[in-house]
Amino acid sequence: MRLHNAFALALAATVVVAPSSSAAPAEITVFTGEDEGPVPGAFLGVNHRYTFDGYGTWDPVNDRPVPDALEKARSMGVKVLRWPGGTVANTTQWKGTIGAERRCQRDGRIDLGNAGDPADDVLNGRLPTYGLDEHMRFTAALGAQAQIMVPMAIGTAADAADLVEYLNTPAGDGVNPNGGVDWAERRPADHPQPYHVTRWELGNENYHANQRYWMSQNEDEALEQYVRGGTRRISGERLGKLSTPDGKCGGSTADVPSDGTAGQVFDLNYPSVQDLELRVGGEVWQRVDSLGGPQARQFVLDEFRGSVAFGDGQHGMIPPRGAQVVASYTSAHKGYVQFRDAMRQVDPSLKVCSSWGKQAFVTAGVAFDCLTAHPYTHFSGSGTADWDSTVESHDWHVLGAANERRKFAELQDSVRRNAAGNPYVAVSEYGALWGPDGGGVYPEYTYSMTHALYMATQWIDYLELGVPWVEGNDLSSDGMYTLLGRGRVYSAEAWAREAVRPLFDAGGVRVRQSVAGNPQRSPDEAEMCDGQGTPRDRCRQNYGKLAVTATRAPDGTVHVLVVNRSPVAGDAVDTRILLRGFTGNGRAQVRTVAPERFTSANTRENPGAVRMAESCRNVGADSFNAGVPPYSVTLFTLPRQGNPGC
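Keep in mind the model is a prediction, meaning the values are calculated, not measured.

Conventions used here
- Residues numbered from 1 in each chain as written.
- Predicted model: local features only at pLDDT ≥ 70, side-chain atom pairs only at ≥ 80, totals over all residues.
- Heavy atoms only, no water.
- Patch = residues over 30% accessible without salt bridge, like charges linked within 9 Å, V, L, I, M, F, W, Y side chains within 5 Å.
- Areas by Shrake-Rupley, 256 points an atom, 1.4 Å probe, with all protein chains shown as cover.
- Salt bridge = Lys/Arg side-chain N within 4 Å of Asp/Glu carboxyl O.
- Lys, Arg positive; Asp, Glu negative; His and termini not counted.
- Charge placed at Lys NZ, Arg CZ, Asp CG, Glu CD.
- Helix = DSSP H or I, 4+ residues; strand = E, 2+ residues; numbered from the N terminus.
- Buried < 20%, exposed > 50% of the residue type's maximum accessible area, 1.4 Å probe, protein only.
- 1 Å grid on protein atoms, 1.4 Å probe; cavity = no way out; pocket = protein on both sides within 12 Å on 5 of 7 lines; lining within 4 Å.
- Points joined across faces, edges and corners; volume = space filled by probe spheres on them.
- Pairing = 2+ DSSP bridges.
- Core = buried A, V, L, I, M, F, W, Y, C linked by side-chain atoms within 4.5 Å.
- Contact = heavy atoms within 4.5 Å.
- Nonpolar A, V, L, I, M, F, W, Y, C, P; charged D, E, K, R; others polar.
- pLDDT = per-residue confidence, 0-100.
- Phe/Tyr/Trp six-rings, centres within 6.5 Å; stacked < 30°, edge-to-face > 60°.

## Examining a negative patch on the surface
On the surface, Asp 386, Asp 388, Asp 524 and Asp 530 cluster together into a negatively charged patch. For Asp 388, the location among the structural elements is in the loop between strand 20 (377–378) and helix 9 (390–418). Overall, the relative accessible area of 38% leaves Asp 388 in the partly exposed class.

## What about empty space enclosed by the protein?
Applying the stated criterion to the full structure yields six cavities of 30 Å³ or more. The space that makes up the largest cavity amounts to roughly 70 Å³. In terms of lining residues, the largest cavity is bounded by Met 152, Ala 153, Asn 206, Arg 212, Tyr 213, Trp 214, Met 215, Gln 225, Tyr 226 and Lys 334. Reported here for the second largest cavity is a volume of approximately 50 Å³. As for the second largest cavity, its lining consists of Thr 446, Tyr 447, Ser 448, His 451, Ala 452, Asn 473, Tyr 481, Thr 482, Leu 483, Ser 491, Ala 492 and Glu 493. Elements with a minimum of two residues in the lining of the second largest cavity: helix 10 (449–464) and helix 11 (492–506).

## Observations regarding the pairing of strand 15 (residues 298–302)
In this structure, strand 14 (residues 283–287) lies alongside strand 15, joined through two bridges in parallel fashion. Its bridge partner being in strand 15, Gln 286 is matched across the sheet by Gln 298. Bridge count between strand 15 and strand 16 (residues 307–309): three bridges; the pairing is antiparallel. By the bridge assignment, Asp 302 is partnered in strand 16 with Ser 307. The hairpin formed by strand 15 and strand 16 contains four residues between the paired strands, and Gly 306 there has a positive phi angle of roughly 75°.

## Topic: the sheet that holds strand 21 (residues 424–427)
The parallel open sheet is built from eight strands, whose spatial order is 21-19-18-9-8-5-2-23. The two strands at the open ends of the sheet, each matched to only one other strand, are strand 21 and strand 23 (471–472). As paired elements, strand 8 (residues 145–150) and strand 9 (residues 199–202) share four bridges and run parallel to each other. What sits directly across from Gln 147, in strand 9, is Arg 199.

## A look at unusual backbone geometry
Look at the link from Trp 83 to Pro 84: it is a cis peptide, with omega at 5°. Tracing the chain through its elements places Pro 84 in the loop between strand 5 (80–83) and strand 6 (105–106). Cis peptide bonds are those with omega within 30 degrees of zero, and the linkage from Pro 271 to Ser 272 qualifies with 10°. Look at Asp 255: it is not a glycine, yet its phi comes out positive at around 55°. Within the secondary structure, Asp 255 is located in the loop between strand 11 (252–254) and strand 12 (265–267). The partly exposed category is assigned to Asp 255, whose relative accessible area is 38%. Although it is not a glycine, Cys 646 sits at a positive phi angle of roughly 60°. For Cys 646, the position within the fold is in the segment after strand 35 (632–638). Judged by relative accessible area, Cys 646 falls into the partly exposed class, the value being 42%.

## Considering the nonpolar core
Judged by nonpolar contacts, the single largest core of 143 residues is most densely connected at Leu 132, Ile 148, Leu 167, Trp 200 and Phe 361. Among the elements that line this core, the one with the most residues is helix 10, at ten residues. Core analysis: the second largest hydrophobic core is formed by 23 residues, Ala 26, Val 30, Val 560 and Leu 638 among them.

## What to know about the side chain of Thr 450
Its location among the elements puts Thr 450 in helix 10. Overall, the relative accessible area of 1% leaves Thr 450 in the buried class. The contacts of Thr 450, once residues within four sequence positions are left out, are His 394, His 397, Tyr 442 and Phe 598.

## Focus on the layout of surface pockets
Size it by volume and the largest pocket reaches roughly 1000 Å³. Forming the boundary of the largest pocket are 39 residues, of which Glu 205, His 208, His 374, Tyr 376 and Trp 434 lie nearest the centre. At the level of secondary structure, the elements contributing two or more residues to the lining of the largest pocket comprise strand 20 and helix 9. Per element, the largest residue contribution to the lining of the largest pocket is seven residues, and it comes from helix 9. Looking at side-chain class alone, the lining of the largest pocket contains eleven nonpolar, 18 polar and ten charged residues. If you add up the space inside the second largest pocket, you get close to 420 Å³. Cys 104, Leu 242, Ser 243, Val 265 and Asp 267 are, among the 23 residues lining the second largest pocket, the residues nearest its centre. Per-class residue counts for the lining of the second largest pocket are seven nonpolar, eight polar and eight charged.

## Section: the confidence of the model for the protein chain
When the pLDDT values of the protein chain are averaged, the result is 94; 97% of them are 70 or greater. Below pLDDT 50 for its whole length, residues 1–21 participates in 44 contacts with residues either more than four positions away or in separate chains.

## Here we look at the packing of aromatic side chains
One pass over the structure, following the stated rule, counts 25 aromatic pairs. A centroid spacing of 5.5 Å and a plane angle of 85° characterise the contact between Trp 285 and Phe 310, whose relative ring orientation is edge-to-face. Within this pair, whereas Trp 285 is found in strand 14, its partner Phe 310 is found in the loop between strand 16 and strand 17 (325–333), the two being separated by 25 residues in sequence. Accessibility expressed as a relative area gives 5% for Trp 285, which makes it buried. The exposure class assigned to Phe 310 is buried, which follows from its relative accessible area of 4%. Considering the side-chain rings of Tyr 442 and Phe 598, the 6.3 Å spacing of their centres and the 90° angle between planes classify their relative orientation as edge-to-face. Taken together, the residues span a long stretch of sequence, with Tyr 442 in the loop between strand 22 (432–433) and helix 10 and Phe 598 in the loop between strand 32 (587–593) and strand 33 (613–618) at a distance of 156 residues.

Spelled out as structure tokens, the structure:
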């Protein structure tokens, strides 16, 4: 994905000129011998989703990754990839995503009717052509690792333990740690060895009201149910079918009457199911293990899959055409405690993360291995979506990143103060979303250079905070808000990731750095503060134009990452970079993303609005001057004296 042409080299040259103004340059001092923690290799991770062939990244006809998607994911340095996704995957049952017989999955992005009545929810059917095996093959081809979100909304602790067995235990050794089916033997024949998945989390954002599913709408009660499990009586649920009459996964769980055909299967919202009462056309039918004769008003329940099967007119009566199938049942579930215990009985080395990434979980009195958080900037939810201009939107992005850093640091501190056993906090999704409808004055904001600068700021923040693994949102979609947008367009953020990936590929350690004279950006207070509900304590804030971090690779190479967040054209920041305890070889590689405007965004019609440029330049052995363009991401790679490079 690298750009090698005259334009690229000319652009790169403008990034590293000597100071051009009379103002004193910002002074970046890098203390190369002062280690402040490791550089995680799994830092430029990404959330990925099982639906729609992994949103165009899997070729089901040829049963392989789409080469273009694989190449682009590799170029942007993806080293950890989440499956089966976030909200959409909360109601996935993994056993229906493997092998030749794929089962329709419930889409966790429910349509809410009465929010307090789970019987009123609608879950749409999705075919998992990008199932678990495809994900493991994609990550292997990518040279990455899988991170698994274990759905809890309709999953069981036993299923979670089976999943660990499937992924992490050897095949062919005659050992079956979880009993029953030896799931290691069910892996594809070409992969008898374990996958050794080390990153696990239970559920996705179940603290949100629209992701409670069977749980209570009372947050305290829902937290207790998430932690220790519980039950919910669901009454009068009008059943639907995840499959359409032609066998495709285009149906839903809502309100589909009998069509009078043989062998109909209806689906409930929230297994696992206990104490089921089923009425067909208002009449109670009987649950059996084996269907009787032609007039037997009977059905067979799969209580774990949540499906109800009727007869064919010979074995069991066919529900009359037009009859409504209505269920009342108890939805029964285990919680984090039981899931974690069951999974660790199979693999005691596992660290199983809670995904209730809030301080309330930390103080709930339960032992946990780790916690995953989703530090999104939610513009509408935070009262910061009243954008009068693209510049105001840009400034709210930068201030939003600072706000999420503050909240994440508070969560880390709460874990350190309240949790036993030194659990860590990771990030399995994050980004900046939910601005005004359609983006308002800035419809490209989710895939513009502004967004790339937001994410680059967060890479610096989470590296500085010592987060062990980080996944952004999302790898691919049919929209324009992901790394690979409509038509797999390589986004501004994707180019920024490619620019900084040498820092993370090299590993090593983060080193102490400081910035003196960081010029401040002062957003227009009248514009920032005029929105209804805009937080008064934030709309008057300034921010430093530069965000900086530095690392030292195992071979002594020093990387300095500099992000200029200013949205003002021509607002380059002159810097002097001082390297303490380091002698270089006099050359530096420079990778930069610096488009024409902060609003620049790649589209199918204009895929080259944002690109990366590379160059080499001469530098002093222990210091150099650099002009950093506005709205840019720049990585300086400095080999130590005696090492080749550039």
